[in-house]
Amino acid sequence: MTDLDDIFTARGSVLIAGASINGSTADIAIDETGTIAAIGEDARRAIDADIVIDGSDRLAVPGLVNTHTHAAMTLLRGYADDMLLQEWLSQKIWPLEAHLTGDDVYAGTKLACLEMIKSGTVAFNDMYFFMDRAAAAVDDMGMRATLAYGFIDLGMEEKREAEIKATEALVDHIRSLNNPRIQAAVGPHSVYTVSPEGLSWCAEYAKEQGIGIHVHLSETEKEVTDCVAQFGKRPTYLLDEYGCLTPRTVAAHCCWLDEAECRLLGERGVSASHNPASNMKLAVNRAMPYHWLKQYGANVALGTDGCSSNNNLDIFEEMKFAALLQKFAWNSPTLLPAGEAVMMATAAGARALGIGPGTLTVGAPADIVLLDARAVCNTPLYNPDSNIVYACNGGAVMTVLCGGRVLMHERTVPGEEEIIQEAAAAARSLIERAKNSA
Ligand SMILES: C[C@H]1O[C@@H](n2cnc3c(N)ncnc32)[C@H](O)[C@@H]1O
Ligand SMILES: [Zn+2]
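Computed from a predicted model, the values in this text were never measured in an experiment. (Residues numbered from 1 in each chain as written. Chains lettered and ligands numbered in written order. Predicted model: local features only at pLDDT ≥ 70, side-chain atom pairs only at ≥ 80, totals over all residues. Heavy atoms only, no water.)

S.K.: Mind showing me how you'd approach helix 13 (residues 315-329) here?
M.R.: An α-helical turn contains 3.6 residues, so any two residues separated by three or four positions project in the same direction. Here helix 13 is 15 residues long and its end C-alpha atoms lie 20 Å apart, about the 21 Å a rise of 1.5 Å per residue gives. Burial in helix 13 covers these residues: I315, F316, E318, M319, A322, A323, L325, Q326 and K327. Looking at where helix 13 begins, the residue whose side-chain oxygen comes 2.8 Å from the main-chain nitrogen of F316 is D314. Looking one or two places after helix 13, you find N331, whose phi comes out positive at around 50°. (Helix = DSSP H or I, 4+ residues; strand = E, 2+ residues; numbered from the N terminus. Expected span 1.5 Å × (residues − 1). Buried < 20%, exposed > 50% of the residue type's maximum accessible area, 1.4 Å probe, protein only. Polar contact = N/O pair within 3.5 Å; in protein donor to acceptor, adjacent residues only side chain to side chain.)

S.K.: How should the state of the cysteines be read in this particular structure?
M.R.: Disulfides are covalent bonds that link the sulfur atoms of two cysteine residues. Tallied over the full model, the rule gives one disulfide. A sulfur-sulfur distance of 2.4 Å marks the disulfide that ties C377 to C392. The chirality of the disulfide connecting C377 with C392 is right-handed, given an S-S dihedral of about 80°. Taken together, the residues C377 in the loop between strand 14 (368-372) and helix 15 (384-391) and C392 in the loop between helix 15 and strand 15 (397-402) connect sequence positions 15 residues apart. On the basis of relative accessibility, which here comes to 19%, the residue C377 falls in the buried class. On the basis of relative accessibility, which here comes to 5%, the residue C392 falls in the buried class. Cysteine C255 remains unbridged, with the sulfur of C254 as its closest cysteine sulfur at 7.5 Å. (Disulfide = S-S within 2.5 Å.)

S.K.: Is there a simple way to explain the pairing of strand 9 (residues 182-188) in this structure?
M.R.: Along any regular strand the residues' side chains alternate between the sheet's two faces. Burial within strand 9 is extensive, with six of its seven residues counted as buried. Taken together, the seven bridges between strand 8 (residues 144-151) and strand 9 define a ladder with parallel strand orientation. Counted as the bridge partner of L147 is A184 from strand 9. Tracing the backbone out of strand 8, into helix 6 (residues 157-177) and back to the parallel element strand 9 gives a crossover that is right-handed. As defined by bridge partners, strand 9 adjoins strand 10 (residues 212-217) across two bridges and the pair is classed as parallel. When the sheet's bridge partners are listed, V186 is paired in strand 10 with I213. (Pairing = 2+ DSSP bridges. Right-handed = clockwise from strand over helix to strand, strands pointing away.)

S.K.: Sorry, what's going on with the packing of aromatic side chains here?
M.R.: Each aromatic ring pair is described using two quantities: the centre-to-centre distance and the angle formed by the ring planes. By the definition in use, this model includes five aromatic pairs. For the pair F151 and W201, a centre-to-centre distance of 6.0 Å together with 20° between the ring planes defines the contact as stacked. In this pair, F151 is assigned in strand 8 and W201 in helix 7 (residues 196-209), connecting sequence segments 50 residues apart. W201 shares its class with F151; the two are buried. With a centroid separation of 4.6 Å and an interplanar angle of 15°, the aromatic rings of W201 and Y205 are classed as stacked. Of this pair, W201 and Y205 both sit in helix 7, four residues apart, which is roughly one turn of that helix. Following the ring pairs from residue to residue traces out a cluster consisting of Y128, F129 and Y149. In this structure, K92 packs its charged tip against the face of Y79, placed 5.4 Å from the ring centre. The ring of W256 has R286 lying over it, and the distance from NZ or CZ to the ring centre is 5.7 Å. (Phe/Tyr/Trp six-rings, centres within 6.5 Å; stacked < 30°, edge-to-face > 60°. Lys NZ or Arg CZ within 6 Å of the ring centre and 35° of its normal.)

S.K.: How should the sheet that holds strand 10 be read in this particular structure?
M.R.: What holds strands together in a sheet is hydrogen bonding between their backbones, with the strands either parallel or antiparallel. The strand order 6-7-8-9-10-11-12-13 describes an open sheet built from eight strands, whose pairing is parallel. Two strands bound the open sheet, and with one partner strand each, they are strand 6 (64-69) and strand 13 (299-302). Across this sheet, the average inter-strand angle for adjacent strands is 25°, counted without regard to direction. Contacting strand 6 and strand 7 (121-128), helix 4 (residues 102-118) runs over the sheet at an angle of about 150° to strand 7. Most of the contacts of helix 6 go to strand 8, to which it runs at about 165°, and overall it touches strand 8 and strand 9. (Axes fitted to C-alpha atoms, helices over the stretch in contact; angles between N-to-C directions. Contact = heavy atoms within 4.5 Å.)

S.K.: In this structure, what is going on with the pattern of salt bridges? I would like to understand it.
M.R.: Where charged atoms from two side chains of opposite charge come close, those side chains can pair. On inspection of all chains with the given rule, the structure shows 21 salt bridges. Measuring nitrogen to oxygen at the nearest pair gives 3.5 Å for the salt bridge that ties R58 to D372. Taken together, the residues span a long stretch of sequence, with R58 in strand 5 (residues 58-62) and D372 in strand 14 at a distance of 314 residues. Here R58 matches D372 in class, with each residue buried. Residue K222 pairs with D226 through a salt bridge whose shortest N-O separation is 2.7 Å. With K222 and D226 both in helix 8 (residues 221-231), this residue pair falls four residues apart, about one helical turn. A single network of salt bridges, built from pairs that share partners, joins R58, D372 and E410. (Salt bridge = Lys/Arg side-chain N within 4 Å of Asp/Glu carboxyl O.)

In structure tokens, the structure reads:
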């Protein structure tokens, strides 16, 4: 077996020896390009391994995907809780965010990446500000991410011009990085913060650039009634009218949808990001109609939302909350069984971001998580999906690989201490600046 230091610095082929995959024991071979080259009997012959990782007492699962977050909001964790969404945003969050700097976003996104890696997430879909600095953090941490600048014009033409410039600058910047793990998306925040002109620019620009769209959709009932009062139609139809519903759109929340809207999202091939912890915390008072979205073929994945409404980035918790909330809200104990929750966090998430199949299969990117099969939460282990969704949290994750690179091994992530210290310092200084300006 390879030493800890070598595991993080070596670049090359990796053999995971004797891990448990879907109930049977197998080796996994990963080639130099970070692709799964073989699983099972052929694995040892498929590569001349530079790194060997002991997979005994480990369950191998695909890397988890967080399809909706505001990563740098780790700096706002616990800053404002137990409030109504509109008041929380307008009275607490937005005033504090006005003081954010690029350095804050770098430090906060690094803390977010650390937290995600420690809980088995390899890829995320982010919408925030100073996203060139978020990209730097993602690059440093070795994860995958789709990064969108949060486009908010509040119906003002001048602001719209600035948001267009910021969006274009981010897309150009990400292209210049030439990092296959980082892609750009366009991020119209929502129908209540972006004008029709803004929505339509976002849709056209995304189409022209061949990139995705990341938007909040029908999170609260107020969003829907305000939209109907102002535009005479529900948010889904407004987004559709301006071209924002595409197979490369990720719509976060999707709580207050009626059946016809679910059908339209299915027809347009949209991915819906279910964020049950945030929805329950902010008491949006309606669970995403998962059964309709599934029935009409929308791709339903999972997200945490930001750390100020969750308050962590653990997709294991999100799998459990999703499975529980759906059952409770729709009065159906058979709705969203464990296996489906795992698929939402893996294959559906990967599909939403266009990053491969999100499965442990030959030819897939080697985005692999090894769980401790001997942990309390995995004992006994009748049905791994059940343990993963209902019993475990991210603490059971021991090793994480993204594109064949080891990001965490035996729960060690290089540089963890400094990342935590720097984020804590950034949060302190942010609060200080906000106080001094008040
Ligand atoms: C990108 C923007 O989205 C905001 N934001 C964070 N959480 C939510 C939510 N649940 N609903 C709407 N907006 C949110 C961020 O605070 C930032 O201002
Ligand atoms: Zn959000």
